[in-house]
Amino acid sequence: MRNWLYLHSRAFVQALKRLGGQPFGTLLSALVMGVALALPAGGYILLDNIAVLARGVSGTPEISLFLDGKADSARAEAIESRLRAEPDLASFRFVPRDEALKQLESSGLGDVLGGITVNPLPDAFVVTLRGDDPELFETLSARIRGWPGVAHVQLDSAWVKRLSALVGLGRTVVLVLAVLLGLTLVIVTFNTIRLQILTQKNEIEVSRLLGATDRFIRRPFYWFGGLQGVFGGLVALGAVWIGMDVLAEPVAKVAETYGAAVALGGPGWLESLVTVAFAIALGWLGAAISVRRHLAET
Amino acid sequence: MIVFDKLVKQYPGGYTALDGVSLQIAPGELVVLSGHSGAGKSTLLKLIPAIERPTSGTVRIGEQDISRLPRRAVPYLRRNIGMVLQESRLLFDRSVYDNILLPLIINGHPPGDAARRVGAALDLVGLHGREKEFPAGLSGGEQQRAAIARAFVNRPSILIADEPTAHLDPAYAAEIAELFKSFNGAGVTVLVATHDVSLFRHWAPRRIALARGRLMEE
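Parameters and conventions
Residues numbered from 1 in each chain as written. Chains lettered and ligands numbered in written order. Predicted model: local features only at pLDDT ≥ 70, side-chain atom pairs only at ≥ 80, totals over all residues. Heavy atoms only, no water. Helix = DSSP H or I, 4+ residues; strand = E, 2+ residues; numbered from the N terminus. Rg over C-alpha atoms; globule rule 2.2 N^0.38 Å. Buried < 20%, exposed > 50% of the residue type's maximum accessible area, 1.4 Å probe, protein only. Core = buried A, V, L, I, M, F, W, Y, C linked by side-chain atoms within 4.5 Å. Contact = heavy atoms within 4.5 Å. Phe/Tyr/Trp six-rings, centres within 6.5 Å; stacked < 30°, edge-to-face > 60°. Lys NZ or Arg CZ within 6 Å of the ring centre and 35° of its normal. Salt bridge = Lys/Arg side-chain N within 4 Å of Asp/Glu carboxyl O. Buried area = accessible area lost by both parts, 1.4 Å probe. Polar contact = N/O pair within 3.5 Å; in protein donor to acceptor, adjacent residues only side chain to side chain. Domains from an automatic or database assignment. Axes fitted to C-alpha atoms, helices over the stretch in contact; angles between N-to-C directions. Parallel < 35°, antiparallel > 145°, perpendicular 65-115°, else oblique. Left-handed = near helix turned anticlockwise from the far one by under 90°. Nonpolar A, V, L, I, M, F, W, Y, C, P; charged D, E, K, R; others polar. Pairing = 2+ DSSP bridges.

Remarks on the overall build of chain B
Then, number 1: Scanning chain B from terminus to terminus reveals six helices and 10 strands.
Then, number 2: Expected size for 218 residues packed as a compact globule is a radius of gyration near 17 Å; at 17 Å, chain B falls within 12% of this value.
Then, number 3: When its C-alpha atoms are laid out on the principal axes, chain B stretches across 45 × 40 × 35 Å.
Then, number 4: A total of 218 residues make up chain B; the buried ones form 53% of that total.

Points about the nonpolar core
Then, number 1: In this structure, Ile100, Ile148, Phe180, Phe183 and Val190 of chain B are the most contacted members of the largest nonpolar core, which totals 61 residues.
Then, number 2: In terms of residue count, helix H3 (residues 96-106) of chain B provides more of this core than any other element does, seven residues in total.
Then, number 3: With residues up to four places along the chain from it excluded, the contact list for valine 190 of chain B reads Glu29, Leu30, Val31, Leu159, Phe180, Phe183 and Asn184 of chain B.
Then, number 4: Judged by nonpolar contacts, the second largest core, of 30 residues, contains Leu209 of chain A together with Ile2, Ala50 and Leu69 of chain B.

So, the packing of aromatic side chains
Then, number 1: Counted by the stated rule, this structure contains seven aromatic pairs over all chains.
Then, number 2: An angle of 80° between the planes, with centres 5.2 Å apart, marks the rings of phenylalanine 12 of chain A and tryptophan 223 of chain A as edge-to-face. In this pair, phenylalanine 12 of chain A sits in helix H1 (residues 2-21) while tryptophan 223 of chain A sits in helix H8 (residues 214-257), placing the two residues 211 residues apart along the sequence.
Then, number 3: Among the residues examined, phenylalanine 12 of chain A registers a relative accessible area of 30% and is labelled partly exposed.
Then, number 4: Relative accessible area serves as the criterion here: at 25%, tryptophan 223 of chain A is assigned to the partly exposed category.
Then, number 5: For the pair phenylalanine 92 of chain A and phenylalanine 125 of chain A, a centre-to-centre distance of 6.1 Å together with 65° between the ring planes defines the contact as edge-to-face. Placement of phenylalanine 92 of chain A in strand E2 (residues 89-95) and of phenylalanine 125 of chain A in strand E3 (residues 124-129) is noted, with a sequence separation of 33 residues between them.
Then, number 6: The partly exposed category is assigned to phenylalanine 92 of chain A, whose relative accessible area is 23%.
Then, number 7: Taking relative accessible area as the criterion, phenylalanine 125 of chain A reaches 0% and is therefore assigned buried.
Then, number 8: In this structure, arginine 18 of chain A is placed above the aromatic ring of phenylalanine 221 of chain A, and the distance from its NZ or CZ to the ring centre is 4.9 Å.
Then, number 9: Lysine 9 of chain B extends its terminal NZ or CZ atom over the ring of tyrosine 11 of chain B, reaching a point 5.1 Å from the ring centre.

Observations regarding the environment of serine 207 of chain A
Then, number 1: If you trace the backbone, serine 207 of chain A turns up in helix H7 (residues 201-209).
Then, number 2: Taking the C-alpha atoms as reference points, serine 207 of chain A and glutamine 14 of chain A, separated by 193 residues in sequence, lie 14 Å from one another.
Then, number 3: Beyond its immediate chain neighbours, meaning those up to four positions away, serine 207 of chain A contacts Ala212 and Ile217 of chain A together with Leu102 and Ile106 of chain B.

Comments concerning the pattern of salt bridges
Then, number 1: Evaluation of the coordinates by the stated rule reveals 18 salt bridges over all chains.
Then, number 2: Here arginine 143 of chain A and glutamate 86 of chain A are joined by a salt bridge, their closest N and O atoms 2.7 Å apart. Here arginine 143 of chain A, found in helix H5 (residues 134-145), pairs with glutamate 86 of chain A, found in the loop between helix H3 (73-85) and E2; they are 57 residues apart in sequence, far enough to count as distant.
Then, number 3: Judged by its relative accessible area of 38%, arginine 143 of chain A falls in the partly exposed class.
Then, number 4: Across the salt bridge formed by glutamate 133 of chain B and arginine 130 of chain B, the nearest N and O atoms sit 2.7 Å from each other.

Some words on the interface of chain A and chain B
Then, number 1: Across the contact, 18 residues belong to chain A and 22 residues belong to chain B.
Then, number 2: Of the roughly 1,800 Å² buried where chain A meets chain B, counting both sides, 58% is carbon and sulfur surface.
Then, number 3: Summed over the three residues of chain A that lose the most area to chain B, namely Tyr6, Leu209 and Leu210 of chain A, the buried surface amounts to 34% of that side.
Then, number 4: On the surface where chain A and chain B come into contact, there are three salt bridges.
Then, number 5: In this assembly, chain A and chain B are joined by six residue pairs in polar contact (both at pLDDT 80 or more).

Describing the domain arrangement of chain B
Residue and element names in this part refer to chain B.
Then, number 1: Each domain of chain B was delimited in the assignment, giving domain 1 (1-80 + 157-218) and domain 2 (90-155).
Then, number 2: Listed per partner, the contact involves 12 residues of domain 1 and 14 residues of domain 2.
Then, number 3: Across the domain 1 to domain 2 interface the summed buried area is about 1,200 Å²; carbon plus sulfur atoms make up 70%.
Then, number 4: It is Arg79, Leu179 and Phe183 that lose the most area in domain 1 upon contact with domain 2, and together they represent 44% of the buried surface on that side.
Then, number 5: Linking domain 1 with domain 2 are one salt bridge, by the criterion used here.
Then, number 6: The salt bridge involving arginine 145 is made with glutamate 175; its shortest N-O contact spans 3.7 Å.
Then, number 7: Counting every contact that joins domain 1 to domain 2 gives two residue pairs in polar contact (both at pLDDT 80 or more).

So, the packing of helix H5 (residues 140-152) of chain B against helix H6 (residues 170-185) of chain B
Residues and elements named next belong to chain B.
Then, number 1: Put simply, H5 and H6 touch, their axes get as near as 10 Å, and they point 15° apart. Judged by the inter-axis angle, H5 sits roughly parallel to H6. Between H5 and H6 lies a crossing whose hand is right-handed. Seen from H5, the contacting residues are Gly141, Gln144, Arg145, Ile148 and Phe152; seen from H6, they are Tyr172, Glu175, Ile176, Leu179, Phe180 and Phe183.
Then, number 2: Looking at the contact of H5 with H6 residue by residue, the classes come out as seven nonpolar, two polar and two charged.

Quick word on the environment of methionine 1 of chain B
Then, number 1: Locating methionine 1 of chain B in the fold gives a position in the segment before strand E1 (2-10).
Then, number 2: Sequence separation between methionine 1 of chain B and valine 59 of chain B is 58 residues; the distance between their C-alpha atoms is 10 Å.

Here we look at the domain arrangement of chain A
Then, number 1: Splitting chain A by domain gives domain 1 (10-57 + 161-295) and domain 2 (62-156).
Then, number 2: A separation of 51 Å is found between the C-alpha centroids of domain 1 of chain A and domain 2 of chain A.

Considering the side chain of arginine 117 of chain B
Then, number 1: Mapped onto the elements of the fold, arginine 117 of chain B is located in helix H4 (residues 111-125).
Then, number 2: By relative accessible area, arginine 117 of chain B is classed as buried at 15%.

Description of the sheet that holds strand E4 (residues 150-155) of chain A
Residues and elements named next belong to chain A.
Then, number 1: The strand order across the open sheet built from four strands is E2-E3-E1-E4, with neighbouring strands paired in antiparallel fashion. This sheet does not close on itself; its edge strands, each paired only once, are E2 and E4. Neighbour-to-neighbour, the strand axes of this sheet turn through a mean angle of 20°, independent of strand direction.
Then, number 2: Two strands pair when backbone bridges link them, and E2 and E3 are joined in this way by six bridges, in the antiparallel orientation. Within the sheet, the bridge partner assigned to phenylalanine 94 lies in E3 and is phenylalanine 125.

Here's what the structure looks like:
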């Protein structure tokens, strides 16, 4: 076991020396890997931020019932008693049209309403539901829509659902991107190791003459691929952090116009570890395929 | 005991390097193989560490049939055979010390023991104090001595050398021959292929002459 560790430590140092011996090439490879990994990693982190934002904004799912203009207080009371009979409701409150107008004015749209002499807003009920089953929302909305005196039913969480669906779509795109770019990185490492094998041809031949096993010869190349992955992963994390930092202010400004406070977060410990581990696995895999393919030719 | 039995080696294209060679070499022998270029000396030596495989016939070291040795077993065979080639085949991006250390690393020697062995090998070939230098800073003779130290550092039971003095001045060549004699004196079976048999004449080695792949005289 001690000998195995010793051989690995030597192979590790040897791989580090080879990487250090060609700093420009190492830097370029790390940049290629880093930029390629930063795209899916950054996309994932961004989508994660959007998903968190959507969850925060949607809060408790609500349905707004707008009464038609002709509905009088008796009709409103009838709707109220029907709502009270609904088992899936957590709560509801009546918003008279005058209160709605006041809310609208206080939201900063007073200037827009300045020229209007008659309140155009209808009376409304804001209904809060138990649970967050999307099918329940749809069924209840459809049922309420048929009640007499109800002019319009608005599912407040509809846009959040759309956003969630888009985030889901985005995640699939990021996954496909990660697979494709991962494949590219395996090819990049494959080629780098091929060149390394050609450069080290004499050393490989001499080592074989001295009794080196294939495993002994492969070891530094595996470490080389893995270390390239480490550097590539770190560059990717750096690129994602910089990207999030650059995007943070514009995104916050856009969110502010919707009345939301958004602070973009960079990758956490787990995401960082997964990114670097993924990069190491790709580097190692590229090296393993290349070594198996090309050592037989030397 | 190394036994070559009815050895035939044909290369792709039909060239016959060895043609029915049968030979036995006892443990601890010093054997000088002579013959013109293309006589089959190098091929015969390469069959011992399984660098080449015979087309027919067998090569045995002790009880082990080298000609049928599985590929994965070859590295372990080579660890017990020191090899010195015409070119030193040193690694020029490593120090003399690291070059001599390489077989010990491959063989899995603990670092402390490996350092002692490298020191002893350097003393033996007269390169003590030069271990930090790189091969490019050594003369041809010194490079060959470093290669010999690398071949011997594992203390193999067999040492083969293919034209080890080919590019050396007579003085250097005599020093190298002296080294082989000292290894043989320590009980190592030594096989040297050379054009210059006179280098070894003082020690009355066993002389084997090859011509066109056949054993001509002993």
